[in-house]
Amino acid sequence: MEALRNNDRLIRTSLEAFRSPLATIRVAAENLTANPDMDSQTQEVFSNIVSQEIVLLSELFESVSREARILASDHWMLTDTNTSDLITTLARQWTDQNGPKIIIEGEPLWIQADAPALLMVLETLVKQIVETTASTTTITVESLMGDSRVYLDIIWLGQPIPATTVASWRQLTLPDDIM
């Protein structure tokens, strides 16, 4: 939400900052166009105004671009995502790959998430479970609400995976194409 507020603030303040130089340039250009016979001194004044305002616009544009890049790199764009949609997409992808059957349990819950990145994390997690347990044919994913957070409980039949193995999965990297 903070990222969205910052983006909104940047857009609003940028629009206001651009308004004055654009209006000034417009008036100066209209005067130059409407009065082709004006004296050279007045014409030079209007030309200087256009030049100065264009420099100001260029500086404003660079400033806004710089701030937008910072905002984009500092904050992921989160969207409202339904856990049922997320798990259904995961199940469809694993069915297409002849992987384990993924079953959805629990009530669907709404979360704020970077859905493509979260889906990639879930795919990687399921892949690791399948590779580690070798006999997993069905995985159940249940959405649970707890202490102001949403949890996805992943359940499979078979041997439990040691905590050290699961902890080592934190070192895995995701493909760059989702970021």
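Residues numbered from 1 in each chain as written. Predicted model: local features only at pLDDT ≥ 70, side-chain atom pairs only at ≥ 80, totals over all residues. Heavy atoms only, no water.

1. Details of unusual backbone geometry
Trans is the prevailing form of peptide bonds, just as negative phi is the prevailing case for residues other than glycine.
Reasoning step 1: Here Asp147, not a glycine, exhibits a phi torsion of approximately 25°, which is positive.
Reasoning step 2: Note on placement: Asp147 falls in the loop between β4 (138–146) and β5 (149–156).
Reasoning step 3: Overall, the relative accessible area of 58% leaves Asp147 in the exposed class.
Reasoning step 4: Phi at Ser148 is positive, roughly 65°, even though this residue is not glycine.
Reasoning step 5: Within the secondary structure layout, Ser148 lies in the loop between β4 and β5. (Helix = DSSP H or I, 4+ residues; strand = E, 2+ residues; numbered from the N terminus. Buried < 20%, exposed > 50% of the residue type's maximum accessible area, 1.4 Å probe, protein only.)

2. A word on the environment of Glu107
Reasoning step 1: Mapped onto the fold, Glu107 is located in the loop between β2 (101–105) and β3 (110–113).
Reasoning step 2: Judged by its relative accessible area of 60%, Glu107 falls in the exposed class.
Reasoning step 3: Each C-alpha atom, one on Glu107 and one on Val130, is 25 Å from the other, the two residues being 23 residues apart in sequence.
Reasoning step 4: With residues up to four places along the chain from it excluded, the contact list for Glu107 reads Thr83 and Ser143. (Contact = heavy atoms within 4.5 Å.)

3. Re the pairing of β4
Side-chain direction in a regular strand flips from residue to residue, so the side chains alternate between the two faces of the sheet.
Reasoning step 1: In terms of strand pairing, β2 meets β4 through five bridges, oriented parallel. Along β4, the bridge assignment pairs Ile104 with Val141.
Reasoning step 2: Sheet topology places β4 next to β5; eight bridges connect them, and they run antiparallel. Counterpart to Ser143 in the pairing with β5 is Leu152.
Reasoning step 3: Count of turn residues in the β4/β5 antiparallel hairpin: two residues, of which Asp147 carries a positive phi of about 25°. (Pairing = 2+ DSSP bridges.)

4. Considering the side chain of Thr140
Reasoning step 1: Along the chain, Thr140 falls in strand β4.
Reasoning step 2: The buried category is assigned to Thr140, whose relative accessible area is 12%.
Reasoning step 3: Residue contacts for Thr140: discarding those within four places in its chain leaves Ile103, Glu105, Asp153, Ile154 and Ile155.

5. Some remarks on the nonpolar core
Reasoning step 1: Of all hydrophobic cores here, the largest spans 15 residues; its most connected members are Leu90, Ile102, Val126, Ile129, Ile139, Val141 and Ile154.
Reasoning step 2: Only α3 (83–96), α4 (115–133) and β4 provide two or more residues apiece to this core.
Reasoning step 3: In this view, Val126 contacts Leu90, Trp94, Pro100, Ile102 and Ile139; residues no more than four positions away in its chain are not counted. (Core = buried A, V, L, I, M, F, W, Y, C linked by side-chain atoms within 4.5 Å.)

6. Side note on the pairing of β3
Reasoning step 1: Side chains Ile111 and Ala113 of β3 all project onto a buried face; the interleaved residues Trp110 and Gln112 project onto a face where none is buried.
Reasoning step 2: Strand direction decides the pairing type here: strand β1 (residues 79–82) and β3, joined by four bridges, are antiparallel. By the bridge assignment for β3, Thr81 is matched with Ile111.

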